[in-house]
Amino acid sequence: MITKFSYGTPVETFAVVKDFPSAGHEQLRHFSRKKGTVQYFTCMLGEEDIVYGLGETMRGVNKRGGRYISFNYDDPHHKDDMPSMYGAHNFLIVDGEEPFGAFFDTPSKVVFDIDSKGSGVLSVACETQDLRLYIIEGETPYGIVKQFLGIIGRSFLPPLWAFGYGQSRWGYKTERDISRVAAKHEEAGIPLDYICMDIDYMDRYIDFTVNKRRFPNMAGFSAKLKGKGLHLVPIVDAGIKIEPGNPVYSEGVEKEYFCKNHEGTFFKAEVWPGMTHFPDFFQEKVRRWFGDQYKFYTDSGLEGFWNDMNEPAIFSTEYRAKDTKPDVGRGDVDQPERHIADFKDFFHRLDDGREKSNYEVHNLYGALMTRASGEGLGRLLDRRYLLFSRSSYIGAHRYGGIWTGDNASTWEMLRQNVYHMPSLNMCGFLYSGADTGGFGGNCDRELLLRWLAVSVFTPLMRNHTAIFTRNQECYRFRKVEDFRTVVSLRYRLLPYLYSEFMKAALRQDMLIRPLAFDYPGDEKARHIHDQLMVGESVMIAPVLEKGVKGRVVYLPEPMTEVRWSSEGFTCIEVGAGERTVMAPLHQVVFYIRKGKLVPVGKQVSNTSELDLMDVELLGTGTEYEQYADDGYTKDCGLNRCVLRRKA
Ligand code: MIG
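Since this is a predicted model, take the numbers as computed values, not measurements.

*Asks:* Can you explain the pairing of strand E5 (residues 66-70)? Please cite residues and give values.
*Replies:* The buried fraction of E5 is high, at five of five residues. With burial as the criterion, each face of E5 is covered, one bearing Gly66, Tyr68 and Ser70 and the other bearing Arg67 and Ile69. Looking at chain direction, E5 and strand E9 (residues 110-114) are connected through five bridges and run antiparallel. Bridging across to E9, Ile69 finds its partner in Val111.

Put into structure tokens, the structure is as follows:
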């Protein structure tokens, strides 16, 4: 049961696609509400209650005991207690005696205090009088999530190649750099589907340009790589460089498509290209115009993109020098005024005629950029596109995926990657993943192998790292055959992973879940958050600690233990309960549920060679419902593309 409450005059967020009548305020019984400068909602948690949700937030799968601030922000120093990340996913589920979900639908700042003081109080402070609140009642947390996914619309469907392995590094500059990455993977026998181009492919970091010296013929280069089954994925930043002669700039100024400041002139913010203007994505016509700009890339045969800096990230403004760079989002301190001033200083014209400062509607900016590019690519291409964004809000999941930004090469960030996945799935972001190997800092061999073994199971599997960090392409490390083994598992599992992703997306369900969602009533499963369910058949229990050769795994029921190594798959049947499992670095262990099957394909060097139908079946089940298609058709549906396989 879903009940909607409306307060004030809410800003259209496009998160919920279903229409609901608003209930009377007196009907709100899960929270008590106080109205002041903020709308303040509180409730008491039971001693044993778990709180799920909140998408891209730090800490664990159980959000209890922390404070989280929805205020999209670029802080490249990830810590496990930082309150704000790049996305705002204001949906939580209280798993108590009477479980319920709550979605606080507002693009303004929201502070969630989930019993951080240990007094049992859950409080939500919304910094606006205008919001919608959806309360969802159901029997179980999983049932509540499914109801929620049902009202926010179907997740973005990427093409098959987007499920391949991707290599990226901030610092690849030229066609030669990229060709070398491709050649080295080929030489090492490591499958690869795409290579990302970070900001250095552009002419002085200007969107919708290519540095002609570095890439003399982008269309030719892209075609050459496609011939080998490889895709190029360029980055696109939010700000448009102020430069007469830049046609996107000139047109944007002439048509007044950029955000203005309090003086009524275009707001200027320094980002990578120097001083830029920000497109006002809140206007339909601006979104259309911005989306159309991707033609510059699609004309060169490019079909995949990552959108960055769209919180938006700002280095300095006309009024704030760079050296006063704000330090926000740390500990219990909220964003200092100096930085907030940037967001209060530029304005959006909403399609309902209102004008709002960015500060008031902040959390929608990146999501609307994703929508603009997703809709643009939808018009430009006759096949599915790849798109993932850094900043997001629920609703953006219908147009693209997300990656979790500038993590670091640490074991804690690997664990955060594992915790993020189910929480993101609860908020609709099925196509997501972290920078495999870590963005900041130096990755070592052990961490990369363990991280790859996790990323094998996340829809976005991309190795990415920052400039000036140690090289972390697989081929840089000793005994490259171990990396080949781990990455190859991804490709062997693609018939399953692709099938499960598409089924989950088309049915508006989760792909990656906490154990508790599949084993309700199992008290132990409820408290295990470093093991995950992936699709209907698989459970993973990855090694997330340095220097260990195995771990303790909890099995809620008897399962097939699958050990993958360079020799292939070995399966043994194991009983329910706790089990210590050895998993050396060059092997990956995962589990198949009792009575379930996993189709595995042939070894390939990228998805262009993959036959989703040519599979063998692992596991003890008798039947598997497999989704398969050509990997790019827009016209896909369960009724057309699902077939039943018998063991
Ligand atoms: O200020 O484009 O999160 O993935 O490599 C840093 C350079 C800008 C941040 C992204 C990261 C990317 C980097 N960008």
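Right, picking up where we left off after that structure.
*Asks:* Let's hear about the packing of helix H5 (residues 284-292) against helix H9 (residues 365-380): which residues, and what values?
*Replies:* Between H5 and H9, whose axes approach to 7 Å, the crossing angle comes to 60°. As far as their axial angle goes, H9 and H5 are oblique. Viewed along their axes, H5 and H9 form a crossing whose handedness is right-handed. In contact with Arg287, Arg288, Phe290, Gly291 and Asp292 of H5, H9 contributes Leu368, Met369, Arg371, Ala372, Ser373, Glu375, Gly376, Arg379 and Leu380. Considering only residue class, the contact of H5 with H9 consists of five nonpolar, three polar and six charged.

*Asks:* I'd like a rundown of the layout of surface pockets, residues and numbers included.
*Replies:* Taken as a whole, the second largest pocket holds about 260 Å³ of empty space. Grouping the amino acids of the lining of the second largest pocket by side-chain chemistry returns four nonpolar, five polar and five charged.

*Asks:* Just give me the short version of the sheet that holds E5, but keep the residues and values in it.
*Replies:* One open sheet accounts for five strands, arranged E2-E3-E10-E9-E5; its pairing is antiparallel. If you trace the sheet from one side to the other, it starts and ends with strand E2 (32-35) and E5, each paired once. Here the average twist between neighbouring strands, direction ignored, is 15°. Where E9 meets strand E10 (residues 121-126), five bridges bridge the pair, whose relative direction is antiparallel. When the bridges of E10 are listed, Phe112 appears paired with Val124.

*Asks:* Before we move on, could you go through helix H11 (residues 445-455) and cite the residues and values that matter?
*Replies:* Since the α-helix packs 3.6 residues into each turn, any two residues three or four apart lie on the same face. Within H11, eleven of the eleven residues are buried, which leaves the element mostly enclosed by the surrounding structure. Among the residues of H11, those classed as buried are Arg445, Glu446, Leu447, Leu448, Leu449, Arg450, Trp451, Leu452, Ala453, Val454 and Ser455. Considering only its buried residues, H11 is in contact with strand E12 (165-167), helix H10 (411-426), strand E27 (435-436), strand E28 (461-463), helix H12 (480-506) and strand E36 (588-593). Where H11 begins, the capping side chain belongs to Asp444, and its oxygen is found 3.3 Å from the backbone nitrogen of Glu446.

*Asks:* Account for the site of the ligand, with residues named and values stated.
*Replies:* Asp198, Asp308, Arg390, Asp406 and His464 are the nearest of the 13 residues found near the ligand. In the model, an oxygen atom of the ligand is placed 2.5 Å from a nitrogen or oxygen of the Asp406 side chain. Interatomic distance of 2.9 Å between a side-chain N/O atom of His464 and an oxygen atom of the ligand. The fraction of the free accessible surface of the ligand (360 Å²) that becomes covered by protein chains is 95%. Across the shell around the ligand, the residue classes tally to eight nonpolar, one polar and four charged.

*Asks:* Requested: an account of the sheet that holds strand E15 (residues 240-241), with residues and values cited.
*Replies:* The strand order across the open sheet formed by four strands is E15-E18-E17-E20, and the pairing between neighbours is antiparallel. Edge positions in the sheet fall to E15 and strand E20 (316-317), since each has one partner strand and no second. Here E15 pairs with strand E18 (residues 274-277) via two bridges, running antiparallel. The residue bridging Ile240 from the neighbouring strand is His277, located in E18.

*Asks:* Quick rundown of the environment of Val454? Include the residues and the values.
*Replies:* Considering the arrangement of structural elements, one finds Val454 in helix H11. Excluding residues within four positions of it along the chain, Val454 makes contact with Leu414, Asn417, Val418, Pro542 and Leu544.

*Asks:* So, empty space enclosed by the protein: which residues are in play, and what are the values?
*Replies:* With the rule as written, the count across this model stands at seven cavities of 30 Å³ or more. Considered as a void within the structure, the largest cavity measures approximately 190 Å³ in volume. Lining the largest cavity are 18 residues, and of these Ala541, Pro542, Val543, Ala583 and Val589 sit closest to its centre. Considered class by class, the residues forming the lining of the largest cavity number 15 nonpolar, one polar and two charged.

*Asks:* So what's going on with the pattern of salt bridges? Which residues, and what values?
*Replies:* Inspection of every chain in the model, using the stated rule, returns 48 salt bridges. Across the pair Arg132 and Glu12 runs a salt bridge, and its minimum N-O distance is 3.6 Å. Pair noted here: Arg132 is in strand E11 (residues 131-137) and Glu12 is in the loop between strand E1 (2-7) and E2, with a separation of 120 residues, a long-range link. Two residues, Arg476 and Glu473, come together in a salt bridge whose shortest N-O distance is 2.7 Å.

*Asks:* A description of H10 should follow, citing residues and the corresponding values.
*Replies:* Compared with an ideal rise of 1.5 Å per residue, which puts 16 residues at 22 Å, H10 spans 24 Å between its outermost C-alpha atoms and is within 8% of the ideal. At His420, H10 shows its maximal kink, close to 30°; a proline, Pro422, follows between one and four residues later. The buried fraction of H10 is high, at 14 of 16 residues. Positive phi appears at Gly428, one or two residues downstream of H10, with a value of about 95°.

*Asks:* Any details on the nonpolar core? Residues and values, ideally.
*Replies:* In terms of nonpolar packing, the biggest core is built from 187 residues, with Phe91, Phe290, Tyr431, Phe457 and Phe590 touching the most fellow members. Per-element accounting of this core gives the leading share, 16 residues, to H12. Counting 25 residues, the second largest nonpolar core, distinct from the first, contains Leu28, Phe41, Val51 and Leu92.

What counts, and where the lines are drawn
Residues numbered from 1 in each chain as written. Predicted model: local features only at pLDDT ≥ 70, side-chain atom pairs only at ≥ 80, totals over all residues. Heavy atoms only, no water. Buried < 20%, exposed > 50% of the residue type's maximum accessible area, 1.4 Å probe, protein only. Helix = DSSP H or I, 4+ residues; strand = E, 2+ residues; numbered from the N terminus. Pairing = 2+ DSSP bridges. Axes fitted to C-alpha atoms, helices over the stretch in contact; angles between N-to-C directions. Parallel < 35°, antiparallel > 145°, perpendicular 65-115°, else oblique. Left-handed = near helix turned anticlockwise from the far one by under 90°. Contact = heavy atoms within 4.5 Å. Nonpolar A, V, L, I, M, F, W, Y, C, P; charged D, E, K, R; others polar. 1 Å grid on protein atoms, 1.4 Å probe; cavity = no way out; pocket = protein on both sides within 12 Å on 5 of 7 lines; lining within 4 Å. Points joined across faces, edges and corners; volume = space filled by probe spheres on them. Polar contact = N/O pair within 3.5 Å; in protein donor to acceptor, adjacent residues only side chain to side chain. Near = heavy atom within 4 Å. Areas by Shrake-Rupley, 256 points an atom, 1.4 Å probe, with all protein chains shown as cover. Salt bridge = Lys/Arg side-chain N within 4 Å of Asp/Glu carboxyl O. Expected span 1.5 Å × (residues − 1). Bend = angle between axes of the 7 residues up to and from the residue. Core = buried A, V, L, I, M, F, W, Y, C linked by side-chain atoms within 4.5 Å.

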